[in-house]
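The residues making up each chain are set out below.
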Amino acid sequence: DWVISEIASLVDDGAKKEKHSFDDSLNNSAKTILFKLAEKTSTPLFKSTDIISAVLNSVKGSIYSALMSLSLKIARIKKDETNKWDGDIQNFFLDQLKEPSEELLVVLGENLLLINYMNNEWLKNNLDKILRKDKEELWNLAITGYFYYTIQLDKNVYPLLVERGDYEKAVYTKLKSKSANERVVQHICVAYLNDIEDLSKGLFLKLLNNKNSEQISEIIRFFWMLRKEGDEKIKSKIKPLWEKLFEICSHEKDKPEFSKLLFELSEWLSLVDKIDEEISKWVKESVKYVKQPYDTWFFIECLAKHVTNTPKFVGEIFLELLNNRIFPDYEQEYIINILSTLFERGENELADKIISIYLSENYFTEELRNLKK
């Protein structure tokens, strides 16, 4: 098994790594070697809770992956042809799909975008054999492979899978990889950012209405990760989505996992240019669910970003946090900056209240007394 896997890996490297790439005159020889390996290999997949790693380290998985790498190498030669996929390899995979192994389905799922590039018609004609709607377990394997490895949406494959209902099914299904489940959410978020999906209908609405705390957490995390992009389109999408997520989490706030999400949402302050009445209301409600002061380090930085333009809202939000018996003491320079700016902007009453609460709890007393003077 080890020898077979090493041979397949050697061909794989030679097919896809340019500095180690073998000459195109050897493509047919490489193909013959891989077919022979597949013919002689019957080793079953080692059972593991991590199907992706299991396939990656399996004998058959190594062979199938090498065949896909070789397919792309050959396709580059045929770049101007409609059908760029080697006919022998097409027929090999078609034959394997008659009794598909787990390894086959994961590898084909992983390579749906590549197959579409090489032969769009083949993919359309055979997608039902890869994503088997009639067999839940087999469908899960292939779609897990697709989501685990597909980072960006493809303008042809995405609508094809949406039309078939694979994306909707993935929203309601626990896939065989945590990363694949997260990628389902990420894809729909990207579609929303690009006006392919919206909040009032379609996939995004189904995702929100599913009220799955892990999926909502991933939505929050995904957009939070875009905070440094500075894209106006992203900013325009944030507030409507924030409102929807706030409504969902507030309705479910008696459940610990949703009350935690409320505070995570408040860190979306980093995504907006300005705090308005609505955002202020959402954040003041959200900070009631902070559990520990150390959870607020980034939140305080977000408040500091907004204090110059909206000092009153920032002061009220900070006061709400303290009234909840949460006393941020990390990133002290941001706290001092917020209080100094509140005085500068005429919000003396709010600043005095915040300082008084801190002093009553003996937090950095000297700095705050000096500030108050």
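Structure shown above.
Here the structure is a predicted model, which is why all the values come from computation and not from measurement.

1. Observations concerning the overall build of the chain
Secondary structure summary: the chain contains 22 helices and 0 strands in total. For the chain, whose C-alpha radius of gyration is 27 Å, the value lies well above the compact-globule estimate of 21 Å for 373 residues. In terms of principal-axis extent, the alpha carbons of the chain reach across some 85 × 40 × 40 Å. Of all 373 residues assigned to the chain, the portion counted as buried reaches 50%. Residue pairs in contact within the chain that sit at least 24 positions apart in sequence constitute 72% of those at least 6 positions apart.

2. Topic: a nonpolar patch on the surface
Residues Trp2, Val3, Ile7 and Ile33 make up a contiguous nonpolar surface patch of roughly 410 Å² in combined accessible area. Considering every element that reaches the nonpolar patch, the biggest residue donor is helix 1 (residues 2–16), with 3 residues. Relative to the helices and strands, valine 3 is located in helix 1.

3. What about unusual backbone geometry?
Here aspartate 195, not a glycine, exhibits a phi torsion of approximately 60°, which is positive. The topology assignment puts aspartate 195 in the loop between helix 12 (178–193) and helix 13 (202–209). In the Ramachandran plot, lysine 211 falls in the positive-phi region, its phi being about 50° despite a non-glycine side chain. Examined against the element boundaries, lysine 211 turns out to sit in the loop between helix 13 and helix 14 (213–224).

4. Here we look at the packing of helix 6 (residues 102–110) against helix 9 (residues 136–149)
Each pair of packed helices can be described by the angle between their axes along with the distance between the axes. In the contact formed by helix 6 and helix 9, the axes pass within 7 Å of each other and the chain directions differ by 40°. One finds that helix 6 runs oblique with respect to helix 9. The handedness of the crossing between helix 6 and helix 9 is right-handed. When helix 6 is examined against helix 9, the residues Glu102, Leu105, Val106, Gly109 and Glu110 are found in contact with a partner set consisting of Leu138, Leu141, Ala142, Gly145, Tyr146 and Tyr149. Of the residues contributing to the contact of helix 6 with helix 9, the split by class is 7 nonpolar, 2 polar and 2 charged.

5. Some thoughts on the packing of helix 15 (residues 232–251) against helix 17 (residues 277–286)
Two elements in contact, helix 15 and helix 17, have axes whose closest approach is 11 Å; the angle formed by their N-to-C orientations is 35°. As helix 15 runs across helix 17, the sense of the crossing is left-handed. In this structure, helix 15 contributes Lys239, Trp242, Glu243 and Phe246 to the contact, and helix 17 contributes Glu278, Ile279, Trp282, Val283, Glu285 and Ser286. Looking at side-chain class alone, the contact of helix 15 with helix 17 contains 5 nonpolar, 1 polar and 4 charged residues.

6. Things to note about the nonpolar core
Within soluble globular proteins, side chains that are nonpolar tend to cluster in buried spots. Among the nonpolar cores identified, the biggest contains 128 residues, and Phe223 and Trp242 are the most heavily contacted of them. The leading source of residues in this core is helix 4 (residues 59–77), at 9 residues.

7. Structural notes on the pattern of salt bridges
Summed over all chains, the structure comprises 26 salt bridges. One salt bridge connects aspartate 12 with lysine 16, and the closest N-O pair in it is separated by 3.7 Å. A residue pair is termed a helical-turn pair when its members lie 3 or 4 positions apart in one helix, as aspartate 12 and lysine 16 do in helix 1 at 4 residues. Glutamate 278 is paired through a salt bridge with lysine 239; the nearest N and O atoms lie 2.7 Å apart. Placement of glutamate 278 in helix 17 and of lysine 239 in helix 15 is noted, with a sequence separation of 39 residues between them.

8. Some details on the side chain of asparagine 27
Position of asparagine 27 among the secondary structure elements: in helix 2 (residues 27–40). What makes asparagine 27 buried here is its relative accessible area of 5%. Once residues within four sequence positions are removed from consideration, asparagine 27 is found in contact with Phe22, Leu70, Lys73, Ile74 and Ile77.

Parameters at a glance
Residues numbered from 1 in each chain as written. Predicted model: local features only at pLDDT ≥ 70, side-chain atom pairs only at ≥ 80, totals over all residues. Heavy atoms only, no water. Helix = DSSP H or I, 4+ residues; strand = E, 2+ residues; numbered from the N terminus. Rg over C-alpha atoms; globule rule 2.2 N^0.38 Å. Buried < 20%, exposed > 50% of the residue type's maximum accessible area, 1.4 Å probe, protein only. Contact = heavy atoms within 4.5 Å. Patch = residues over 30% accessible without salt bridge, like charges linked within 9 Å, V, L, I, M, F, W, Y side chains within 5 Å. Areas by Shrake-Rupley, 256 points an atom, 1.4 Å probe, with all protein chains shown as cover. Salt bridge = Lys/Arg side-chain N within 4 Å of Asp/Glu carboxyl O. Axes fitted to C-alpha atoms, helices over the stretch in contact; angles between N-to-C directions. Parallel < 35°, antiparallel > 145°, perpendicular 65-115°, else oblique. Left-handed = near helix turned anticlockwise from the far one by under 90°. Nonpolar A, V, L, I, M, F, W, Y, C, P; charged D, E, K, R; others polar. Core = buried A, V, L, I, M, F, W, Y, C linked by side-chain atoms within 4.5 Å.

The analysis is restricted to geometry; functional conclusions fall outside its scope.
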